[in-house]
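Chains, contacts and geometry: an overview
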Amino acid sequence: MPLLPVEERIKSFREIELGYSVEQAIKEAGRCLQCKEPLCEKGCPAGVECKAFIEQVMLGEFDKAVAIIQEKNPLPCFTGRVCAEEVQCEGACILAKKKQAVAIKALERFVAQHGKNEWKAGKGNGKKVAIVGSGPAGMAAAVELRKNGFSATVFEALPLLGGILSWGIPGYRLGKECVERVVKEMKENKVQFRAKEKVGEAKMLSSLMQDFDAVLLAIGEGKAKKIKLPGIEKQGILYWDGFLQGFGRGGKSLNGKKAVVLGGGNTAIDCARTLRRLGCTVTVAYRKNMPFMPCNKSELVHAMEEDIEFKMQLAPQAFLGKESLEMVRFKKMAIEKERFVETEETEEIEADVCVLAVGQEYDATVANGTELQGKEIKINGCKTELWGVFAAGDLANEEKTVVHSIASAKKAVEEIELYLEGKKQEGI
Ligand SMILES: Cc1cc2nc3c(=O)[nH]c(=O)nc-3n(C[C@H](O)[C@H](O)[C@H](O)COP(=O)(O)OP(=O)(O)OC[C@H]3O[C@@H](n4cnc5c(N)ncnc54)[C@H](O)[C@@H]3O)c2cc1C
């Protein structure tokens, strides 16, 4: 995949992956062996028929290719940019064992751009579904529901639609015009969006349960988990959610600052690469070592190319400085009996800014005014313990990724259809 040169990358929030040309895509598709039993499809959490869509790319039939993908995944422009291909489709590709896997993710991105498969809402069936949250799970569910003739109304707490795709994943990985294009298409198909209406505050879940035939909670886990460490209140310390919402779209400068990011997932690397673009020198500190970092491999490679330093086996202990942060103190971790354990040895890293990206949780206020207020929402698959209320996306999933969110939204829509056909909502 062609990339922006590093010097240009760190000066802007422009997408760094430039996408294939028509010739490059057809050539890459031509490397596919068209296996009798395509393992790549087993590797895709949404079950996309990779073999068939790649064959259509090879033939130059991009409209047919995108139609095949959208059978299983209505939002390929997102997954073609942010999936962890190395542990999904491409990790399973037979060619990965010998030389290089077919670049399935890049082909998906190409097809989403070049293929036309404008979906159309189905004939109305008179049933209304409320969706809480406009991230990939909420969007995928709304598309599926409209295709099947349901009315779909999406309630979103923020003014911005798209969930983490809009305010979390930075524009240099996922251009915001992608989200705008998908939302526009949804509006054309009469998906109704109610931005700035937080369920549990502006609108109560109990009233949605009365006004709609079913409710889907797709609220994600967009809140940072708070940690208690000495000095956490110092100026210059930020959690990932506030940092990405405030700085993640560029337009601000932290030029010359020394920044430390705590964590090893995509969120940590996105914070690090954003800080780099804002003019900081950046160190990522992680408790374990590199093979354990849960971030996408491509993120790690790009971060290294962008001169971000990585320090492994460091567990944060305290934030030092007067009012403002000056230093982060860590305990070094050792490996004992295949486990990471803290030692008494310490290390300090100078920092004016520290971004904490060490955990996420959902915003429980959604259940205000229901029997679940103040309790954990129990979820089994995509069913909740509230009658007629379903769940999808990060809220319901073990694996918190875009493709898993889309796959679970499709499953939730199937369950909602069964429920509305009068079948019992079992399983909780
Ligand atoms: C920085 C970052 C980078 C990531 N990188 C990747 C990646 O490279 N690849 C990948 O596959 N995954 C990645 N992920 C994970 C991925 O973004 C999530 O798995 C996915 O967005 C979850 O989708 P969702 O629809 O469940 O939730 P979200 O995208 O979180 O959307 C939920 C929406 O619900 C809204 N909401 C919440 N509560 C309410 C309420 N009470 N009323 C109304 N609206 C409400 C929120 O405002 C939000 O808009 C990343 C996550 C982060 C934070």
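Just above sits the structure.
Residues numbered from 1 in each chain as written. Predicted model: local features only at pLDDT ≥ 70, side-chain atom pairs only at ≥ 80, totals over all residues. Heavy atoms only, no water.

1. Focus on the sheet that holds strand β12 (residues 339-350)
Under the convention used in this document: Only strands that DSSP links by at least two bridges are regarded as paired with each other. Helix and strand definitions follow DSSP, with helices as H or I runs of at least four residues and strands as E runs of at least two, each counted in order from the N terminus. Axis angles are defined between N-to-C directions and span 0 to 180 degrees, where every axis is a line fitted to C-alpha atoms and, for a helix, only to the segment in contact.
Across the sheet, three strands lie side by side as β10-β11-β12; this open sheet has antiparallel pairing. Either end of the sheet is taken by a strand with one partner, and the two such strands are β10 (314-320) and β12. The average undirected angle you get between the axes of adjacent strands in this sheet is 25°.

2. Regarding the site of the ligand
What counts here: Only a single heavy atom is needed: when it lies within 4 Å of a molecule or strand, its residue is near that molecule or strand. Side-chain atoms alone can form a polar contact between residues adjacent in sequence; in general such a contact is a pair of N or O atoms within 3.5 Å, and within protein one must be able to donate a hydrogen while the other accepts it. Values of accessible area rely on a 1.4 Å probe in the Shrake-Rupley scheme; residue burial ignores everything except the protein chains shown. Note on residue categories: nonpolar means Ala, Val, Leu, Ile, Met, Phe, Trp, Tyr, Cys or Pro, charged means Asp, Glu, Lys or Arg, and polar means any other residue, Gly included. Per the annotation, domain bounds derive from an automatic or database assignment of domains.
Among the 34 residues in the neighbourhood of the ligand, the closest are listed as Val 82, Glu 156, Arg 173, Val 199 and Asp 394. Within the contact set of the ligand, a nitrogen atom lies 2.7 Å away from a backbone nitrogen or oxygen of Val 82. Contacts to the ligand include Thr 401, whose backbone N or O atom sits 3.2 Å from an oxygen atom. A total of 1000 Å² of accessible area belongs to the ligand in isolation, and the protein chains cover 96% of it. For the shell around the ligand, the secondary-structure elements that each account for two or more residues are α10 (136-147), β2 (151-156), α14 (240-247), α15 (266-277) and α17 (402-420). Among the elements that take part in the shell around the ligand, α15 stands out by supplying three residues, more than any other. Split by residue class, the shell around the ligand holds 16 nonpolar, 11 polar and seven charged. Counting only domains with at least three residues in the shell around the ligand, you end up with domain 2 (128-221 + 362-420) and domain 3 (224-359).

3. What about the pattern of salt bridges?
Stated precisely, the cut-off is as follows: Any Lys or Arg side-chain nitrogen found within 4 Å of a carboxyl oxygen on Asp or Glu counts as a salt bridge. For every residue, the accessible area obtained with a 1.4 Å probe (protein chains only) is divided by the maximum for its type, and the residue is called buried under 20%, exposed over 50%, and partly exposed between those limits.
Scanning all chains against the criterion turns up 29 salt bridges. For Lys 72, the salt bridge goes to Glu 49, with nearest N and O atoms at 3.5 Å. Here Glu 49 lies in the loop between α3 (39-43) and α4 (50-58) and Lys 72 lies in helix α5 (residues 62-72), a separation of 23 residues in the sequence. Lys 72 sits in the partly exposed class, given a relative accessible area of 29%. Judged by its relative accessible area of 37%, Glu 49 falls in the partly exposed class. In this structure, the salt-bridge partner of Lys 147 is Glu 144, at a minimum N-O distance of 3.6 Å. Taken together, the positions of Lys 147 and Glu 144, both in helix α10 and three residues apart, correspond to about one turn of that helix. Salt bridges linked by common partners bring Arg 9, Arg 173, Asp 270, Arg 273, Arg 277, Glu 299, Glu 305 and Glu 306 together as one network.

4. Describing α14
Rules: Any two residues having at least one pair of non-hydrogen atoms within 4.5 Å are treated as being in contact.
If you check which residues of α14 are buried, you get Trp 240, Asp 241, Phe 243, Leu 244 and Phe 247. Contacts from the buried residues of α14 go to α11 (164-167), β5 (223-224), β6 (237-239), α15, β13 (353-356) and β14 (360-361).

5. Let's talk about unusual backbone geometry
Non-glycine residue Gln 34 carries a positive phi angle of around 50°. The phi dihedral of Gln 313 is positive, around 60°, even though this residue is not glycine. For Gln 313, the location among the structural elements is in the loop between β9 (309-312) and β10.

6. Section: the sheet that holds strand β7 (residues 258-262)
Across the sheet, five strands lie side by side as β6-β13-β7-β8-β9; this open sheet has parallel pairing. On the outer flanks of this sheet lie β6 and β9, each paired with one strand and no other. When the angles between neighbouring strand axes are averaged without regard to direction, this sheet yields 20°. In terms of strand pairing, β7 meets β13 through four bridges, oriented parallel. Paired with Val 260 across the strands is Cys 354, a residue of β13. Where α15 meets the sheet, it contacts β7, β8 (281-286), β9 and β13, and its direction lies at approximately 170° from that of β7.

7. Structural notes on the side chain of Arg 173
Structurally, the position occupied by Arg 173 is in the loop between α11 and α12 (176-188). Take Arg 173: its relative accessible area is 12%, and that puts it in the buried class. A polar contact is formed between the side chain of Arg 173 and the side chain of Asp 270, at a distance of 2.7 Å. A distance of 3.4 Å separates polar atoms of two side chains, one belonging to Arg 173 and the other to Glu 299. Sequence-distant contacts of Arg 173, that is, excluding residues within four places in its chain, are made with Glu 15, Arg 81, Val 82, Asn 266, Asp 270, Arg 273, Asn 296 and Glu 299.

8. Considering the nonpolar core
Our working definition: In these notes, a set of buried Ala, Val, Leu, Ile, Met, Phe, Trp, Tyr and Cys residues joined through side-chain atoms within 4.5 Å is what counts as a nonpolar core.
By size, the foremost hydrophobic cluster in this structure holds 47 residues, and its most contacted members are Val 261, Leu 275 and Phe 319. The biggest single contributor to this core is α15, with five residues. With near-sequence residues (within four places) excluded, Phe 319 lies in contact with Leu 229, Pro 230, Gly 231, Ile 232, Lys 234, Ile 237, Leu 262, Leu 325, Met 327, Val 328, Cys 354 and Leu 356.

9. Details of the packing of α4 against α5
Helix packing for two helices is described by the angle between their axes and how far apart those axes are. The condition that has to hold: Roughly parallel means an angle under 35 degrees; roughly antiparallel, over 145; roughly perpendicular, 65 to 115; everything else is oblique.
For the pair α4 and α5, interaxial distance at closest approach is 8 Å and the crossing angle is 170°. Between α4 and α5, the interaxial angle falls into the category roughly antiparallel. On the side of α4, the interface is formed by Ala 52, Phe 53, Gln 56 and Val 57, while α5 contributes Phe 62, Lys 64, Ala 65, Ile 68 and Ile 69. Residue composition of the contact of α4 with α5, grouped by class: seven nonpolar, one polar and one charged.

10. Considerations on the packing of α10 against α12
Put simply, the test is: By convention, the crossing between two helices is left-handed when the near helix turns anticlockwise from the far helix through less than a right angle, and right-handed when the turn is clockwise.
Taken N-terminus to C-terminus, the directions of α10 and α12 make an angle of 30°; their axes are 11 Å apart at the nearest point. Judged on the interaxial angle alone, α12 and α10 are roughly parallel. Handedness of the crossing formed by α10 with α12: left-handed. Across the interface between the two elements, Met 139, Ala 142 and Val 143 of α10 pack against Val 182, Val 183 and Met 186 of α12. Among the residues forming the contact of α10 with α12, the class breakdown is six nonpolar, no polar and no charged.

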